[in-house]
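If you want the building blocks of each chain, they are given just below.
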Amino acid sequence: MTGEHRHALEDSGRRLLVRALATAGLPDVGPVVVAGGRDGSLRMWELTRGSLVRAFPNRTGRIRAVAVGRAADGRQVLVAGGDMAVATVWDLATGAPLRTFTGHRGWVLATALTDGGRTPGLAISGDRRGALLVWDVSTGREVAALTRSGGRIDAVATAELPGERTVALSGGDGGEVRVWDLDRPGVAEPLTGLRRRVTALATARLPGGRVVAVGGGEDRCVVIWVLVTRQEPAAPYHLPTAVSSIAACATGFVVAHEVGTASFTWCADLLAPVSG
């Protein structure tokens, strides 16, 4: 709301080179943030006071992607991927390691979790060699390999569409963004508008029920799509530098730039429900 600096999150005064962040709400703790570092460190802080809650053991090498969500049994879980070409799962509340998924053959650069729909508790992970894998976080079983060719995958996201349809989004080289139907693995539709490497994707449900996706990358613009129609409801936002990450919140999107700054953006007319 104000942009006021609240806390500096540190571990015993040690500053971390952060590669990835994810937030969650724990019933007995409150709002938390998990940060993965280039040195393989994985830490969780409570956001209200800025206090360190726990450190997770290093099982992935350098951390490049983290995601928080729920397994099919309702437990909150943390998924992290990194340079050892594996994705690991922890119980977020207890810190207990649950399993390691070893289906990748290159650095894991992006992770996301499904939440609801007919396919809850699935993880989507993309790697440097172009593999986009879907796996069950409860069992570690690979559910689908959506692609095993092409350029690297730097961004993934998930969304639940009307009719309990669950989709996964992937972003890669050349501005390619695909929407994958997880009820029919292998079926994908393109989203256009970005022309260079896609580095960030996020999704959100708007008032009125519309589900939108937002993406950005090296061409320094942010594009919004309505996922059901694949249309762009607003003109792209043009930024001074490349986009490094995007996160959705209740009132908009926070976009981080490669120069080390972040901006909050939202197109007001998107908030108005579609008539009829």
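Residues numbered from 1 in each chain as written. Predicted model: local features only at pLDDT ≥ 70, side-chain atom pairs only at ≥ 80, totals over all residues. Heavy atoms only, no water.

## Concerning unusual backbone geometry
Most peptide bonds take the trans form, and the phi angle of most residues other than glycine is negative.
Right, so step 1: A positive phi is found at E164, a non-glycine position, where the angle reads about 60°.
Right, so step 2: Among the secondary structure elements, E164 is positioned in the loop between β13 (153-161) and β14 (165-172).
Right, so step 3: You will see that R230, though not glycine, has its phi angle at about 65°, which is positive.
Right, so step 4: Mapping R230 onto the fold places it in the loop between β19 (221-226) and β20 (237-238). (Helix = DSSP H or I, 4+ residues; strand = E, 2+ residues; numbered from the N terminus.)

## Notes on the sheet that holds β20
Right, so step 1: Spatially, β17-β18-β19-β20 is the arrangement adopted by the four strands of the open sheet, whose pairing is antiparallel. Lying at the two open borders of the sheet, with one neighbouring strand each, are β17 (198-205) and β20.
Right, so step 2: Pairing analysis gives two bridges linking β19 to β20, with the strands arranged antiparallel. Across the sheet, residue V222 finds its bridge partner in β20, namely Y237. (Pairing = 2+ DSSP bridges.)

## A short note on the pairing of strand β1 (residues 18-26)
Right, so step 1: Pairing analysis gives eight bridges linking β1 to strand β2 (residues 30-37), with the strands arranged antiparallel. In the sheet register, G25 faces β2, and the bridge partner there is P31.

## So, the packing of aromatic side chains
How two aromatic rings sit relative to each other is given by the distance of their centres and the angle of their planes.
Right, so step 1: Summed over all chains, the structure comprises two aromatic pairs.
Right, so step 2: Ring geometry for F101 against W135: centres 4.8 Å apart, planes inclined by 5°, an arrangement best described as stacked. With F101 in strand β8 (residues 97-101) and W135 in strand β11 (residues 132-136), the pair connects residues that are 34 residues apart, well separated along the chain. The two residues F101 and W135 agree in class, both being buried.
Right, so step 3: Sitting above the plane of the W107 ring, R128 keeps its charged end 4.0 Å from the centroid. (Phe/Tyr/Trp six-rings, centres within 6.5 Å; stacked < 30°, edge-to-face > 60°. Buried < 20%, exposed > 50% of the residue type's maximum accessible area, 1.4 Å probe, protein only. Lys NZ or Arg CZ within 6 Å of the ring centre and 35° of its normal.)

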